[in-house]
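Chain and residue survey
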Amino acid sequence: MSEGEPTTRDRVVELLNTAAFLPSEKERIGQLVQVQELIIHREPDLLDSFFEEVAAFQTDRNSDVRKFVVGFIEEACKKDVAMLPRLVPNIQLLLQDEGVAVVKRVVQAAAQLHRATLAWLSSARTVTPEMEQVWHIITAIKNSIIVMIDHDNDGVRTQAIKFLESLVLLQTYTEADSVVRDGEFNLDQVPLTLKVARPRKLEEEARMVLNKLIAFQGSIHISSVNLMTCMSSLTIIARARPQFLGMIINALEILHANLPPTLTKSQVNSVRKHLKIQMLNLLKHPASYDYHEHITTVLNDLGITASEVNKSMPSKDQIRKRVRRDKSSEEVSESPNKKPRVDHEDSSKSKKDKKEDVEVERKNSAIDITQRWLVEKLTPENVASLVMVTMLNLPDEMPPLFSAGYSPITAAGTSPQIQHVGRLISSQLTAAGVGPGVEQAKEEEAKASSTVDQESDEESKEISRLVGGKVQVQEEETVQQSGPVLVPAGVIGRPLRHKIKTMKLAEVTKPLSNSSNTKLQSLLFKRLMRCDKVMLHGEGPKHRMRILTVLSGCISHQESDALEDFILEDMHNRADLLFSWLFSEYSVNHDFSLINKILNVGGKKMQKKDKNYQEILGNIVNKVLLKPASKERDEFLSRLFLECPHVPEDLILSLVRVGSQGTDSIISVANTLKDTAEWRPLTAKPALKTLSLLATHDQDSVREVVTPILLELCEHENLSEIVTEVATVYLKYLLLETPPDSLCSHNFGRPNEPNEWTEPLVKACLYLYLALLPLNQALIHDLAQVYVKTVNEAKRAILRLLEGPIRHMGMDSPQLLKLVETCPKGGETLITRIIHILTEKAPPSEALVCRVRELYNRRVSDVRFLIPVLTGLSKKEVIAVLPKLIKLNPHVVKEVFNRLWGVTLDTGASPLTPVDLLVALHLIDPDKCDVKTVIKATGLCFAERGIYTAEVLAFVLQQLMEQPQLPTLFMRTVIQTLTHYPKLLSFIMNILQRLITKQVWKQRKVWEGFIKCCQRAVPQSFTVLLQLPPAQLSDVFNSASDLHSQLLSHIATLTENQRAHIPASLLEVIEGHNPSSGAPRPVDLPPPSAQEM
């Protein structure tokens, strides 16, 4: 290298200095990457000199820079293990970083540092105190990461799972079938004599971590990403450590039967696909030969065909080798004469494997025992009974989780399928801690606990060392030695430099007297205000405002008023001075300002100020409101409330006085309070309370301004609660016997204080509450409770004002339906009014009709309650309540008929047609309703000529004729029909002829009507009279003598041939003598034509 070229050290120094002052994090990271390349890969000798400077960047504000520092520490420790004592404390510190990305990177690096530290300890001849301290820090980091499996962040949990995977692989022994990577370090390379990290304890910890992983996989609220990561980690562990294969396969079986219910349909498909891949990977492992039946069963459920399963199975040669090795190991274990030569490590390892196998076997045996017990119970009869019982708990619709995970069972009913079903149920029972297998496993565990303790005691005695020719047993627990304290690199502060002592002004000047000081301050204050129009260059205006702010801390009351007036003369340009003054006063009041110290004279403070912050702000607000309304005034007032350091609650509440200052002031204050509530959360409550008070103003113009602002603010949930609270307080005033004094004020437009409730006072309590009702529909229940208990004047006002809010809520409102369903006692009138409003312009909904019907049948016996929902009732129900309905006031009966006729509704079908209604009125039982009431009701029908046309009445008479018993008012309706529609005369004559066949004279009232109808229908009724029997014709003549003479005259006009058709018995009754001869023949009358109908 030539003399002119900089050395690598100089290059590193330059890069570090540049990185320290670069504003962009990308540029800083670029510089640090070059430093890492130089001191780690090119010239590692420089690492010891510059690692602290790089580590110092861990305090950088940017998370990407801190992530780079973590990567640098990882590379440095992998390059030189001597860096572990110096940099591991930094990793422990970065693990507590606030940035989630940094924590994830630390967890990734911790896995490598854990492996490097254990390898460092294993390769060392002696363990120094410094190495012990490093191991203790690594252990603390490890414990912190184990807890992170329950972290709030999903990504941190994923990295924690991968760390636990590497921990299990590092702290466990391998087997013959283990899948081991090249250069992998594990517990096989750790000597048993290592005191600081006992292999036995490391293995126990690994087993604990593995159980935690399995438990985490089976948790209910696990996310799909964490679940698939956990499945992959368990599969890797099973392939690398076959001793855990049975436990992991069992866990995957349980997961297949119990997928988390929080997964969506797409997530279920992804998890099942991932589970399929993991089970195929396990199937390929030679050690999975003993579990092929369980794996293939799960794969079949997942939709894998038999050919795909066969492709993934290990080759026959691998299976033969596995079986041969298992048999040879069994023969070695069974032959008592052959003692295998094993060293101390293998002996300890076999004991550990034995304990593990006992635990796994105990778990598997519990599932197997419960499975055998279940298979015996899974008979066709028991299964059928179980299915029938559980069908009662099935949901109405198939859950998406089931539809996504269900696959048809091809081998249903076969023995392997029964075994599989038994195993699935057994896994669930065992996981829940019930079943015969669990009980037996608990008993065996209690018996084996004493044996395990004895073995552990014997094992602890085996580890010994020779000292002075005597064998001394090492203690099992590691005693923590007092070693050096490891401090994070690059974070130790440098010693502070001593500052140069400067000259103090107080030491070279004499203080002024109080009077002189006050006089000079007053003169300076007035002069600075007068020079407002003078052009000041540079920072002159800034210094002028600063001096005025300082002087304002000791001015008199008159000077304070003068400063306020001076500022308000030009509000726009002098607003900065105002805010500087306000912030200064606020700081003084709260004792965190240096102005008090500046104004001290001789150790004593100046005289107490006449005004404080709150008074100054209040005066300014009052003076602003007295100015004429303008856009500048409103903007200044809003800015004042938003930018001042604090808005006192008393000041906000006092703004309610603008209610007496006119609409312009109210609009300005309302908009200001709106901005204050939105942007200053701490003052939102008094601002909303003041707006709510103004919303109860007696003038409509004030309410029209304030109420929309409140409703807009109520869109924020936190603000809505405050407004609702104030509205509820005003509503509950109605529970008092007399109005409270707070309602009567000149600010609210109600200066007088009445002794009793009046309509304006009641409306004042209801305006805001009813305006909030459509936004918060649950308020309707409190309104109903108040309605029940309040005075009559308030009840009438509530009923009048309720229409608008109820229309906005609509009849589909769940809260309205709930109120109708749970109608409070005494609130029936309110409920009726609500239902009337809902059904006035729209047909009632099915839900509303159902609740009104239930309430009527259960509690409310007043039939008026059903009027609004009549069109939603069935025909049978309407006919059943019709006798009660027609007994009501004629106006109410008219409304009922209009609803049934469809006059008041634009849409919706009535359960009764006009024909059905009039027929039902005739068929009302006289015991339920007197005839006069029915006559009035039918009169209302006949009055509607547009509805009850001739055709409709013809259908009515036709249906009445078909009744087994003729109604009492039948003939009255016939006569009225003839009166209204004379063109139906022929049809009515046909009706009279049919009445003769029904022997109408047997019903006295109907017979009298028959005779009257014949009188009105002369001469067309003569044909009907000539068809009567003689006795009944004689009765007709006795009741209506005019018919006799008219009929005689009619017969006299007949020819001899026509008279021959009249029976002799009738002629005898008519003329008073018998006919000469001949049998009587009935007169043939034609039926009514279609035109007559």
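Note that the structure is predicted; figures quoted are calculated from it, not measured.

What counts, and at which threshold
- Residues numbered from 1 in each chain as written.
- Predicted model: local features only at pLDDT ≥ 70, side-chain atom pairs only at ≥ 80, totals over all residues.
- Heavy atoms only, no water.
- Helix = DSSP H or I, 4+ residues; strand = E, 2+ residues; numbered from the N terminus.
- Buried < 20%, exposed > 50% of the residue type's maximum accessible area, 1.4 Å probe, protein only.
- Contact = heavy atoms within 4.5 Å.
- Areas by Shrake-Rupley, 256 points an atom, 1.4 Å probe, with all protein chains shown as cover.
- Phe/Tyr/Trp six-rings, centres within 6.5 Å; stacked < 30°, edge-to-face > 60°.
- pLDDT = per-residue confidence, 0-100.
- Core = buried A, V, L, I, M, F, W, Y, C linked by side-chain atoms within 4.5 Å.
- Axes fitted to C-alpha atoms, helices over the stretch in contact; angles between N-to-C directions.
- Parallel < 35°, antiparallel > 145°, perpendicular 65-115°, else oblique.
- Left-handed = near helix turned anticlockwise from the far one by under 90°.
- Nonpolar A, V, L, I, M, F, W, Y, C, P; charged D, E, K, R; others polar.
- Patch = residues over 30% accessible without salt bridge, like charges linked within 9 Å, V, L, I, M, F, W, Y side chains within 5 Å.
- Salt bridge = Lys/Arg side-chain N within 4 Å of Asp/Glu carboxyl O.
- Expected span 1.5 Å × (residues − 1).
- Polar contact = N/O pair within 3.5 Å; in protein donor to acceptor, adjacent residues only side chain to side chain.

Assigned secondary structure in the protein chain consists of 53 helices and two strands. Scored against the burial criterion, the 1093 residues of the protein chain give a buried share of 45%. Across the protein chain, every contact between residues at least 6 apart in sequence was considered, and the portion connecting residues at least 24 apart equals 71%. Of the accessible surface of the protein chain, which amounts to about 58000 Å², a share of 52% is contributed by carbon and sulfur atoms.

What follows is about unusual backbone geometry. With glycine set apart, most residues show a phi of negative sign, and most peptide bonds adopt trans. Between Val1018 and the following residue, Pro1019, the backbone shows a cis peptide bond with an omega angle of 5°. The phi angle at Gln999 is positive, at roughly 55°, despite the residue not being glycine. Relative to the helices and strands, Gln999 is located in the loop between α47 (985–997) and α48 (1004–1016).

What follows is about the packing of aromatic side chains. The geometry of two aromatic rings is summed up by the distance between their centres and the angle between their planes. One pass over the structure, following the stated rule, counts six aromatic pairs. Between Trp1001 and Trp1007, the ring centres sit 6.1 Å apart and the planes meet at 90°, which makes this aromatic pair edge-to-face. We classify Trp1007 as buried; its relative accessible area is 0%. Every member of this aromatic cluster is reached through a ring pair, and the members are Phe897, Trp901 and Tyr948.

Here we come to the environment of Leu735. Here Leu735 lies in the loop between α33 (717–732) and α34 (759–772). Relative accessible area serves as the criterion here: at 38%, Leu735 is assigned to the partly exposed category. Here the alpha-carbon distance between Leu735 and Val788, two residues 53 residues apart in the chain, equals 9.5 Å. With residues near it in sequence (within four places) discarded, Leu735 still touches Val786 and Lys789.

This part is about the confidence of the model for the protein chain. A low pLDDT score tells you not to read the predicted coordinates there in detail. Taken residue by residue, the protein chain gives an average pLDDT of 79. The fraction at 70 or more is 83%. Segment residues 493–501: pLDDT under 50, and zero contacts once partners within four positions in sequence are set aside and those in other chains are kept.

To continue, consider the nonpolar core. When a protein is soluble and globular, its nonpolar side chains tend to lie buried together. Ranked by size, the top nonpolar core spans 189 residues in total, and within it Leu921 and Phe1010 carry the most contacts. In this structure, Leu921 is in contact with Leu882, Ile886, Phe897, Val934, Ala937, Thr938 and Cys941, ignoring residues within four places of it in sequence. Ranked by size, the runner-up nonpolar core spans 109 residues in total, among them Met83, Ile149, Leu210 and Ile214.

Let's shift gears to the packing of helix α10 (residues 224–240) against helix α11 (residues 245–257). With their axes 9 Å apart at the nearest point, α10 and α11 run at an angle of 155° to one another. With respect to their mutual orientation, α10 and α11 come out roughly antiparallel. In this structure, the crossing between α10 and α11 has a hand that is left-handed. Here Leu227, Met231, Leu234, Ile237 and Ala238 of α10 lie close against α11, whose contacting residues are Leu245, Ile248, Leu252 and Leu255. Partitioning the contact of α10 with α11 into residue classes produces nine nonpolar, no polar and no charged.

A word on a nonpolar patch on the surface. Together, Val383, Val387, Met388, Met391 and Leu394 line one region of the surface with nonpolar side chains, adding up to about 460 Å² of accessible area. Relative to the assigned elements, Met391 resides in the loop between α17 (380–390) and α18 (400–405).

This paragraph deals with helix α19 (residues 415–432). Residue pairs three or four apart in sequence face the same way in an α-helix, which turns once every 3.6 residues. With 18 residues, α19 ought to run about 26 Å at 1.5 Å a step, and its terminal C-alpha atoms sit 26 Å apart, in line with that. What α19 keeps buried is the set Gln417, His420, Gly422, Arg423, Leu424, Ser426, Ser427 and Thr430. Taken from the residues just after α19, Gly433 is the one with a positive phi, measuring 80°.

The final tally for this structure, using the stated rule, is 30 salt bridges. As a salt-bridge pair, Lys674 and Glu712 come within 3.1 Å of each other at their nearest N and O atoms. In this pair, Lys674 is assigned in helix α30 (residues 663–679) and Glu712 in helix α32 (residues 700–713), connecting sequence segments 38 residues apart. Look at Lys674 and you get buried, because its relative accessible area is 16%. Here Glu821 makes a salt bridge to Arg851, at a shortest N to O gap of 3.6 Å. Taken together, the residues span a long stretch of sequence, with Glu821 in helix α38 (residues 814–821) and Arg851 in helix α40 (residues 846–858) at a distance of 30 residues. What makes Arg851 partly exposed here is its relative accessible area of 23%. In the salt-bridge network here, residues are joined through shared partners; they are Glu564, Asp565 and Lys623.

What follows is about the side chain of Asp97. Structurally, Asp97 is set in the loop between α5 (84–94) and α6 (100–123). At a separation of 2.8 Å, a polar atom in the side chain of Asp97 contacts the side chain of Arg66. A distance of 2.7 Å separates a polar atom in the side chain of Asp97 from the backbone nitrogen of Gly99.

Right, let's get into the environment of Ile996. Within the element layout of this structure, Ile996 appears in helix α47. Between the alpha carbons of Ile996 and Leu1028 there is a distance of 6.8 Å; along the sequence they are 32 residues apart. Residue contacts for Ile996: discarding those within four places in its chain leaves Trp1001, Phe1010, Val1024, Gln1027 and Leu1028.

Here we come to the side chain of Arg703. Looking at the element boundaries, Arg703 is found in helix α32. Once residues lying within four places of it in the same chain are set aside, the contact partners of Arg703 are Ala695, His697, Asp698, Pro708 and Tyr767.

What follows deals with the environment of Arg859. Structurally, the position occupied by Arg859 is in the loop between α40 and α41 (875–885). Owing to a relative accessible area of 37%, Arg859 belongs among the partly exposed residues under this scheme. Residues Arg859 and Glu828, 31 residues apart in the sequence, show an inter-C-alpha distance of 9.7 Å. Not counting the four nearest positions on each side in its chain, Arg859 is found in contact with Cys823, Pro824, Lys825 and Glu828.

Attention now goes to the packing of helix α9 (residues 199–217) against α10. The geometry of α9 relative to α10 is characterised by a closest axis approach of 10 Å and an angle of 145° between their N-to-C directions. Considering only the axes of α9 and α10, their crossing is left-handed. Two secondary-structure elements touch here, α9 through Leu210, Leu213, Ile214, Phe216 and Gln217 and α10 through Asn226, Leu227, Cys230, Met231, Leu234 and Ile237. Along the lines of polarity and charge, the residues of the contact of α9 with α10 split into nine nonpolar, two polar and no charged.

In this model helix α8 (residues 154–170) runs 25 Å from its N-terminal to its C-terminal C-alpha over 17 residues, within 8% of the 24 Å that 1.5 Å per residue would give. Along α8, 14 of the 17 residues are buried, which leaves the element largely enclosed by surrounding structure. Its side-chain oxygen 2.9 Å from the backbone nitrogen of Gly155, Asn153 forms the N-cap of α8.

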